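Below are the chains, spelled out letter by letter.
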Amino acid sequence: EMGRFGALRGGCGEREWGRIHALRLCPQVLAEKRSLGSRDGPPHLVVLVPLHSRAAAHHTLRLLQSQDSAVVHLDEGRAGGFVLLCPRLKQRWRFVTAQAGDLHAVLDLAKVADSLLFILDAADGWDSAGEHCLSCLFAQGLPSYALAVPGDTDLPLKKRIDTRKKLAKAIEKRFPEAKLFPLNTEQESSLLLRHLAAQKQRHLAFRDRRAHLLAYTAEFVPGQESDLVGTLKVSGFVRGQTLDVNSLVHIVGHGDFQMGQVDAPPDPLSLNPRVVKGQKRSQDMEDDSINGTDEMEEDVKVLMKADPSKQESLQSEVVPDPMEGEQTWPTEEELQEAEASLKENRRVVKVPKGTSKYQAAWIVDDGEGGSEKDEDGDEDDDIDDDMMEEAVSQGESSEEEEEPAEEECETMTVSECLRDDQYDEKVEEDEQMLERYKQERMDEMFPDEVDTPRDIPARVRFQKYRGLKSFRTSPWDPKENLPRDYARIFQFQDFSRTRRHLFRQIQKEETEGASVGWYVTLHICNVPVSVMESFKEGKPLVLFSLLPHEQKMSVLNFLVRRHPSNSEPVRAKEELIFHCGFRRFRASPLFSQHTSADKHKLERFLRPDATLVVTVYAPITFPPASVLLFKQRSNGMHDLIATGSLLSVDPDRIVIKRLVLSGHPFKIFTKTAVVRYMFFNREDVMWFKPVELRTKWGRRGHIKEPLGTHGHMKCHFDGQLKSQDTVLLNLYKRVFPKWTYDPHVPEPVPWVRSESTLPVQEVEME
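As a convention, each chain's residues are numbered from 1 in the sequence order in which they are written. In keeping with the model being predicted, local features are shown solely for residues with a pLDDT of at least 70 and side-chain atom pairs are shown and tallied solely at 80 or more, while totals for entire chains, interfaces and linings include all residues. Side-chain metrics in this entry use all non-hydrogen atoms of the structure; hydrogen atoms and water are not considered.

Under an unreviewed UniProt entry, the name given to the protein is Pre-rRNA-processing protein TSR1 homolog, and the organism recorded is Bubo bubo. Recorded under Sequence similarities (unreviewed entry), the UniProt text for the protein is reproduced unchanged: "Belongs to the TRAFAC class translation factor GTPase superfamily. Bms1-like GTPase family. TSR1 subfamily." UniProt positions are given in the numbering used here, feature names are shortened, and annotations may be inferred rather than shown by experiment. Of the comments in the UniProt record for the protein, the one headed Function (unreviewed entry) reads "Required during maturation of the 40S ribosomal subunit in the nucleolus."

As structure tokens, this is what we get:
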């Protein structure tokens, strides 16, 4: 084939060879070329992001507007933005400015942008706010980008060259393959435009599989019943995939809505200005005989209207019926099967006197207990009971002697005169943070260990917990003791199969609707007026079409890792802010270990050195999708604490909370020991007798019998204990996340800018 094309290359001109070479391009490349601001595709959307307080965005916009043979249209949907039409290059661009301090605006515009234009400072590059913005953008998914440095002509030539070298060296870590464009003249701006038009586009999976749109114009029509809710008419260019009127749309930051119809108004950003002028002249001639509204109705064509029988429902939760939980009386056949299974599984176990049937069922018949004997065990089992009673009595007398010493101690309190009448908020925050650091440190040193309460019996306090022979291999039914919130969510029979089927339909382009590149007007129903108010304030209005089932609630699992810029302790079930794909919401998550087993241990804190799984109730989202976790400060600022991706949508993922009760060996014999301080009454010892014991030094054993009435117990181990060892008893319980899902996320306070975090200044100081 190469030889054949080589022969054609030698026998034809450059123009014919270019046409033959274009025919060899794959359809994906042709579609990509068509979507980059050409006549068939939407305008090339470029978002300007200043990364420094001294980076002048208006200077960059003024240079980009001064292109020869280019038509400039002011952007109605974004203050300071404009549209650049260049018929000579057959390209059209839409430039939108996003301030680095407005975090939500930057992230929302980056979701739909074709290219990001980062504006750097000539000396420092970016400041702390720019560093925070870059961290969020890299975690969310970065589209194609370019770096521009305006305004370095004031420096002397030699110093200008040195500054550019230092800046280029500083950006190698963040942007290893980026090219730095100086932006001071019209010629340099033309080179930047050509680079933006010709560079390869980076694809973001979560937006390439969904139709999305950035509003160019918007109009709110109040409803008949109330002025607070009405129809929002949003006009813009369709991107990503074909838009179906029967699907749901998600307005980023506002929620899910249905569409009533889709119109096709004339393209206001056509590359052929003569056609636009001719249309205006014909409209002026017909203005005397035809009303203006009738003229608009003739120009706007209705592409499609929603079909109520095919339209997706807005139902996000299941309304549970309390009568569905009622159990019917079993039939005679089921009773006979149960009796037969009981007879087969019935076993004879030697149990202590007074043991109930429930406690006897937990005793493992593996030769443990009083029947277990070995060469060294005979001597241990023949220990005189008087010796045990003497040890217990000595322990009780020593405890009684220690009690008066505790009474003699006094608690010294700080004088009230040393304290202010009212605590300062900063002091209270510091005290709370210090307490969290202490709890996190204690959890690292003594994982999952708790103190046995003395005012409540342990069998009552830990009645929801159970013991496991092996955390890895012991069975646990995922449908056992589910909370009431599980009756409100949806679950797939096979989530992976459903996901593959939907993506296969998207690749085959079986959806009918508005194609990519069309300028359309969406009639979105039952939208609150606050959406229009935020659009008038200059905030971007971004829409994403939802795939089937993506409006329904389920249990989402995210795989995240702690961001190195934040080291504050984060507890489980603490309210966090999630940016998942095109959604953002608030929820109180669970943290658990990421393993390949069927059970996963709960983590009480978000570990800085491990990859954890975060579990929440949230709307279904089909992966891949990036996730960012933020924590809101008391002053309203949002701190990035973790980044990752969507792992699965699985309510059957079992998260197990572990409790560890600890005891101290009081009297140690060869393989037997008297353990105290784990329980404080005889009944608790008998209740937890079937659970296996372990020690921090790797010994395993079990409880043989209680001694006395103060919670002392005789225990047998597989080896001799050391006096500094600690006896542990593990208890387990399945936990579920709290239903705290809130789609409303408050706007963050702009990030406080400080000096640059680049290593350029460190080099200068050295």
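On we go from here.
Undergrad: Explain the sheet that holds strand E10 (residues 229-237) to me, please; I cannot follow it from the model alone.
TA: The strands making up a sheet are joined through hydrogen bonds of the backbone, oriented either antiparallel or parallel. The rule for pairing is simple: two strands pair if DSSP sees at least two bridges between them. Helix numbering and strand numbering both begin at the N terminus, where a helix is a DSSP run of H or I of at least 4 residues and a strand a DSSP run of E of at least 2. With antiparallel pairing, the five strands of this open sheet are ordered in space as E9-E10-E16-E13-E14. In this open sheet, the two strands that pair with only one neighbour each are strand E9 (217-222) and strand E14 (301-305). Ignoring which end each strand starts from, the neighbouring axes of this sheet average 25 degrees apart. Throughout, an axis means a line fitted to C-alpha atoms (over the contacting stretch in the case of helices), and angles, computed between N-to-C directions, take values from 0 to 180 degrees.

Undergrad: Is there a simple way to explain the nonpolar core in this structure?
TA: Soluble globular proteins tend to bury their nonpolar side chains together. Within this scheme, the nonpolar core is defined by two criteria: the residues are buried Ala, Val, Leu, Ile, Met, Phe, Trp, Tyr or Cys, and they are joined through side-chain atoms within 4.5 Å. Here the term buried applies to any residue with accessible area under 20% of the maximum for its type, exposed to any over 50%, and partly exposed to those in between, with areas from a 1.4 Å probe on protein chains only. Within the largest apolar cluster, 44 residues are counted, with the highest numbers of intra-cluster contacts made by Leu116, Phe118, Leu120, Leu137 and Phe175. At the level of elements, strand E1 (44-50), helix H5 (103-112), strand E5 (115-119), helix H6 (128-140), strand E6 (144-150), strand E17 (542-545) and strand E24 (626-632) are the ones that each hand at least two residues to this core. When residues in this core are grouped by element, the largest group, six residues, is from H5. One finds Leu502, Val560, Val570 and Phe591 within the second-largest nonpolar core, a separate group that totals 30 residues.

Undergrad: Just to check I follow, could you spell out helix H18 (residues 495-508) for this structure?
TA: Along an α-helix, a turn takes 3.6 residues, which lines up residues three or four apart on a common side. Any helix carries an expected span of 1.5 Å times its number of residues minus one. Taking 1.5 Å per residue, 14 residues should reach 20 Å; H18 reaches 20 Å between its end C-alpha atoms and fits that length. Every buried residue of H18 is listed here: Phe495, Leu502, Phe503 and Ile506. Each buried residue of H18 sits inside an arc of 95 degrees when the element is viewed along its axis, so together they form one side. The exposed set on the far side of H18, more than 90 degrees from its buried face, consists of Arg497, Gln507 and Lys508. Residue contacts are defined here by distance: any two heavy atoms, one from each residue, within 4.5 Å place the two residues in contact. Residues of H18 that are buried make contact with strand E25 (638-649). In protein, a polar contact requires one atom able to donate a hydrogen and another able to accept it; more generally it is a pair of N or O atoms within 3.5 Å, and residues adjacent in sequence count only if both atoms are side-chain atoms. The opening residue of H18, the one whose side-chain oxygen lies 3.4 Å from the backbone nitrogen of Ser496, is Asp494. Just past H18, the residue Glu509 takes up positive phi, approximately 55 degrees. For this quantity, the arc is that covered by the directions from the helix axis to the C-beta atoms.

Undergrad: Looking at this structure, I do not really get the pairing of strand E19 (residues 576-580). What am I missing?
TA: Side-chain direction in a regular strand flips from residue to residue, so the side chains alternate between the two faces of the sheet. Where burial is concerned, most of E19 is hidden: five out of the five residues are buried. Side chains Leu576, Phe578 and Cys580 project from E19 onto one buried face, and the interleaved Ile577 and His579 project onto a second face that is buried too. Alignment of E19 against strand E20 (residues 583-587), held across five bridges, turns out to be antiparallel. Bridge pairing links His579 to Arg584 in E20. Connecting E19 to the next strand, E20, in antiparallel fashion are two residues, including Gly581 with a positive phi near 60 degrees. Pairing between E19 and E24: four bridges, direction antiparallel. Each bridged residue has a counterpart across the sheet, and for Phe578 the counterpart in E24 is Leu629.

Undergrad: Honestly, the packing of H5 against H6 in this entry has me stumped. Any pointers?
TA: Two packed helices can be described by the angle between their axes and the distance between those axes. In contact at an axis separation of 11 Å, H5 and H6 are set at 35 degrees when each is read in the N-to-C sense. By crossing handedness, the relation of H5 to H6 is classed as right-handed. Residue-level inspection shows Leu103, Val106, Leu107, Ala110 and Lys111 of H5 in contact with H6, the latter providing His132, Cys133, Cys136, Leu137 and Gln140. Throughout, the ten residues Ala, Val, Leu, Ile, Met, Phe, Trp, Tyr, Cys and Pro are labelled nonpolar, Asp, Glu, Lys and Arg are labelled charged, and all others, Gly among them, are labelled polar. Of the residues belonging to the contact of H5 with H6, the class tally is seven nonpolar, two polar and one charged. Working rule for handedness: look at the near helix, and if it is turned counterclockwise from the far one by less than a right angle, call the crossing left-handed; if clockwise, right-handed.

Undergrad: Which parts of the structure should I look at to understand the sheet that holds strand E11 (residues 249-251)?
TA: Taken together, the four strands give an open sheet; going across it, the order is E8-E17-E11-E12, and neighbouring strands pair in antiparallel fashion. In this open sheet, the two edge strands, each paired with only one partner strand, are strand E8 (212-214) and strand E12 (255-257). Ignoring which end each strand starts from, the neighbouring axes of this sheet average 25 degrees apart. Where E8 and E17 come together, three bridges link them in antiparallel fashion. Looking across to E17, one finds that His212 is bridged to Phe544. Most of the contacts of H5 go to E17, to which it runs at about 50 degrees, and overall it touches E8 and E17.

Undergrad: Where do I start with empty space enclosed by the protein in this structure?
TA: Over the atoms rolls a probe the size of a water molecule, and in doing so it shows where empty space is left. Buriedness for pockets is judged along seven lines, at least five of which must meet protein on both sides within 12 Å for an open set on the 1 Å grid over protein atoms alone, while cavities are sets there where a 1.4 Å probe fits but cannot get out, and lining residues have an atom within 4 Å of a point. Grid points are joined across faces, edges and corners, and a volume is the space filled by probe spheres set on the points. Tallying each qualifying case throughout the model produces four cavities of 30 Å³ or more. Quantified by volume, the largest cavity comes out at close to 80 Å³. Around the largest cavity sit 11 residues that line it, and Gly101, Leu103, His132, Val749 and Trp751 are the ones nearest its centre. A per-element tally of the lining of the largest cavity places H6 first, with three residues. Grouping the amino acids of the lining of the largest cavity by side-chain chemistry returns eight nonpolar, three polar and no charged. Residue lining of the second largest cavity: Ala211, His212, Leu213, Val238, Leu243, Val249, Leu522, Leu543, Phe544 and Ser545, and that is the complete set. Every element with two or more residues in the lining of the second largest cavity is listed here: E8 and E17. If one sorts the elements of the lining of the second largest cavity by residue count, E17 sits on top with three residues. Looking at side-chain class alone, the lining of the second largest cavity contains eight nonpolar, two polar and no charged residues.

Undergrad: It is not clear to me how the side chain of His600 should be interpreted in this structure. Could you clarify?
TA: Structurally, His600 is set in strand E22 (residues 599-603). The exposure class assigned to His600 is buried, which follows from its relative accessible area of 7%. At a separation of 3.3 Å, a polar atom in the side chain of His600 contacts the main-chain carbonyl oxygen of Ala597. A polar contact of 3.4 Å, which involves the side chain of His600, links it to the side chain of Arg653. Other than its neighbours up to four places away in sequence, His600 contacts Phe471, Ser592, Gln593, Thr595, Arg653, Ile654, Val655 and Ile656.

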